[in-house]
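# Descriptive structure summary
Here's the letter readout for the chains.
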Amino acid sequence: FQFNTEWASLPIAEVGIDTSQNVRNTYAISTILRLLRFLTNTMKERWLFDLLALMRVSPPSVRAVLPSCDWQPCLFHMVSEIVEEINSSGSSSPSTKSDNEVGEGIGVGGRVEENPLINHDEPKDHTENNALAPGINKTKHPQVEATPHQKTPVRTRFDLALKLYSILLGHCVRQGGDKAFHAVEQAASLQRVCVNGHEVFSIVLSHLLAELIENGTIANIDSMMDISSLRGTERNKALKQSARIVTQAIISNGADGLDMASAVKQWRCLRHLTAVTVAVVTTSGFGVAELFDYRNQNASAVDEISGGLHGIRLPEGAISGITASDAMAGAGFNTHDSANSPERHRSERENYRRVCVILSSQILSLLDAFIFPDTLDASQPTSQLHGLTLVRSTEQRLGQAQGPLLASLIRLSLLLMAHLEPSSVRFLQCCSRLRCFLHWTLELIRESVASGGYSAAFHELTAPLDRLVLAIVLQCHRAFSRCSAVLIEIESSPADKYFPSIDSRQKNYRRLFRATLELREIVMAAYRGRNEVLRAALSLQAYEALQAGLEEINNQKIQGAPKSSHRRSSMSRASASGGSGSKEASLRAFMANSWVTGFHDVDIDGNLVIPEQVANGQIYRHRTASNRGRLAIEELASESKTIIKDYNNALNAPFEAYCEDQRQWAETDAVRDMEYEGDIAVKRFSAKYRSDLSQITRLVSLRTEAADHRWKLVARKINEPWMENGYWKLAKHTDRLHRRILLVRNRNFKSHEEASYELMLGREREKAQKYR
């Protein structure tokens, strides 16, 4: 047999791909996927395009591909090669790219075509978030100004391969149960076979989350979707409908929506994805303890890639998967002077910073629809406890180090708080979400204290949650500093320096104060709900400054209470004019206190970074602080190492299964068995082909004979005088139907040549001679 590489160029474009066409054999698709890496780039694009079209329109094709053991390794290796090619091109000469090397379409053979498989209805980035700051040098960062109408072939292969991979993984996750767990863990274990495996799996995981956000978490959600309950302009309809169905099933105990077993499977899959995301983020160097290393944060006012002020700016709408531009933007940080130098590790963390932020934002957006569903009534007690019931469970497949789901959500929220733009919508959502998570954490701590009878800080029953409460307060302190820096930049710069319009500047200005208010409420809730932790873990000077700042707020609230009608009328006039001067002044006063403005230094002890305000034996006013804060930071670092260890141990089983499957290709018996099965399949298809060919030949011959017979019958009834050697005469009478006929055949015609006199005499003479 010979593999025809010109198959994709055959004139079949007019036929197209529909639901009647599908992949019929698992061995055939395995062979195609194994050979796909070794084809030319143009053929790769065409094959990926056709396979992606089949997966999207033909469910039987998906069911034929998923049982194969080769689709994940083949696609993972292909994505790895594409990412390596992107990184090589991005790090070699990023400033000398031509206009044809950037963009967003399909370019095959020098042409630029539109990709019909890309969803153009996805919400675009808001103009406010997409606007580049004029201070960014576009010559030094060409990936920021990539035109959205062109795309290099490598970016086309990047999008097609990851879209195909995410669709297949999405189908596995929607099945739920062990199949979903095995599919995700197998994809995670494949990072061990590639040098850039961790980066590749992070990209694959991002596209998987984007697929679930776009198409929901329940299979065949379109048939179950209640169109009347959704608004026409509502985002993520499939995801919100999936959340409604699962929530109704959980609240009604399986009486409404899905059955209880299916609803539990759905939530377990989401919980497993959250645990995997936390493990990936922690492995990338962004654990809770590593977030205190402020040296790794870019000190420039404008983020070089996204254009955000003192942080990463993400779009307000749905976040798509990590793009080729993100991979190319991180390629500039892959150059290191020494293999084991601290600068190398710092550059690696900087390379993964944007990837981890996108992953954290995606998984939190995915879980928001289930933890905070729109269908719940806040007045019902069952609805109030719904979110806490969901987040207090623990995922066992990746070990016990991560703790309950609530702890994982706090870790991801702290990462977003440390790296997002303080005046963005995403940062405000993160602060509001973290405030709710903190209240649930305090509720779990109160339950543990009530059951154990111990309220001391960092007790065995409450130590993991107490450490997270301390981390929340420390990150809020850092966030206050970033908010102050952004506020200074906004107030001291022209309106058009960082924002496209004055209205956009005002929106960012108001969001900044709202986020600051949320941060202050978070710190106040931690101070009131778990004061023992702050008193034990903070230094004496830091705790005194924090206590003074919070007590000043309480005093302002007491003194600012309206006591007269004159005071109420003045406040009503202030609110009618749209201003909130007293609240803004209170926030400015709090941001100016000694706790917010001070304690920004860190102590570095090897790989451990300890914030200045953490209790580490400091002496203040002839009193020496304890080492409880330093021990908490060390325990957080140890917790991150345990999370990474449990994550690697969980991937051993799927990786051993992959190695065993690859080893069977080298065994003679296994190869012969596969060859025998392949020969049987080829013979079966060959016999079917021969029978179909013989049947087609017989039908063609029958049709030819029938056509010839019909032609002869028609030819008998049609006479053309200029085409036949016949004799005709003028008609004297009409035919049987009384029609006037011009010419009729002369059937009694006698040739005049035979009637000639000379010929007659000659014939009589010859006859007489012969007679004699």
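Note that the coordinates shown come from a computational prediction; the quantities given were computed from them, not determined experimentally.

### Quick notes on the pairing of strand 2 (residues 608-611)
Burial along strand 2 is two-sided: Leu608 and Ile610 and Val609 and Pro611, pointing in opposite directions, are all buried. Two elements, strand 1 (residues 602-605) and strand 2, share four bridges in a ladder whose sense is antiparallel. Counterpart to valine 602 in the pairing with strand 2 is proline 611. Joining the antiparallel neighbours strand 1 and strand 2 is a turn of two residues, in which glycine 606 adopts a positive phi near 70 degrees.

### Quick notes on helix 17 (residues 425-452)
Helix length check: helix 17, at 28 residues, gives a terminal C-alpha distance of 41 Å against a target of 40 Å (1.5 Å per residue), a fit within 8%. Two to three positions downstream of the cap, the backbone nitrogen of phenylalanine 427 sits 3.3 Å from a side-chain oxygen, assigning the N-cap of helix 17 to serine 424.

### Re unusual backbone geometry
In this model, phenylalanine 599 sits at a positive phi of 65 degrees, which is unusual for a non-glycine residue. Structurally, phenylalanine 599 can be placed in the loop between helix 25 (594-597) and strand 1. One non-glycine residue with positive phi stands out, namely arginine 621, at about 55 degrees. Inspection of the secondary structure assignment puts arginine 621 in the loop between strand 3 (619-620) and strand 4 (623-624). Of the residues examined, arginine 621 reaches a relative accessible area of 57% and is grouped as exposed.

### Structural notes on the packing of aromatic side chains
Enumeration according to the criterion identifies 10 aromatic pairs in this entry. An angle of 25 degrees between the planes, with centres 6.4 Å apart, marks the rings of phenylalanine 372 and phenylalanine 437 as stacked. Of this pair, phenylalanine 372 sits in the loop between helix 13 (342-371) and helix 14 (381-384) while phenylalanine 437 sits in helix 17, placing them 65 residues apart in sequence. Between tyrosine 527 and tyrosine 543 the ring centres are 6.4 Å apart and the planes differ by 35 degrees, which places this aromatic pair in the tilted class. In this pair, tyrosine 527 sits in helix 20 (residues 502-529) while tyrosine 543 sits in helix 22 (residues 540-559), placing the two residues 16 residues apart along the sequence.

### Considerations on the confidence of the model for the chain
Summarising the model, the chain shows a mean pLDDT of 79, and 76% of its residues fall at 70 or more. Mean pLDDT per element in the chain: helix 5 (residues 127-130) is the minimum at 39, and helix 16 (residues 405-419) is the maximum at 95. Between residues 563-579, whose pLDDT stays under 50, and residues either more than four places distant or in other chains, the model counts five contacts.

### Considering the nonpolar core
With 188 residues, the main nonpolar core has Trp71, Tyr165 and Trp595 as its most contacted residues. The element that contributes the greatest number of residues to this core is helix 18 (residues 463-492), accounting for 15 residues. What tyrosine 165 contacts, discounting residues up to four positions off in sequence, is Trp71, Gln72, Leu75, Phe76, Val79, Ala187, Leu190 and Val204.

The rules behind each value
- Residues numbered from 1 in each chain as written.
- Predicted model: local features only at pLDDT ≥ 70, side-chain atom pairs only at ≥ 80, totals over all residues.
- Heavy atoms only, no water.
- Buried < 20%, exposed > 50% of the residue type's maximum accessible area, 1.4 Å probe, protein only.
- Helix = DSSP H or I, 4+ residues; strand = E, 2+ residues; numbered from the N terminus.
- Pairing = 2+ DSSP bridges.
- Expected span 1.5 Å × (residues − 1).
- Polar contact = N/O pair within 3.5 Å; in protein donor to acceptor, adjacent residues only side chain to side chain.
- Phe/Tyr/Trp six-rings, centres within 6.5 Å; stacked < 30°, edge-to-face > 60°.
- pLDDT = per-residue confidence, 0-100.
- Contact = heavy atoms within 4.5 Å.
- Core = buried A, V, L, I, M, F, W, Y, C linked by side-chain atoms within 4.5 Å.

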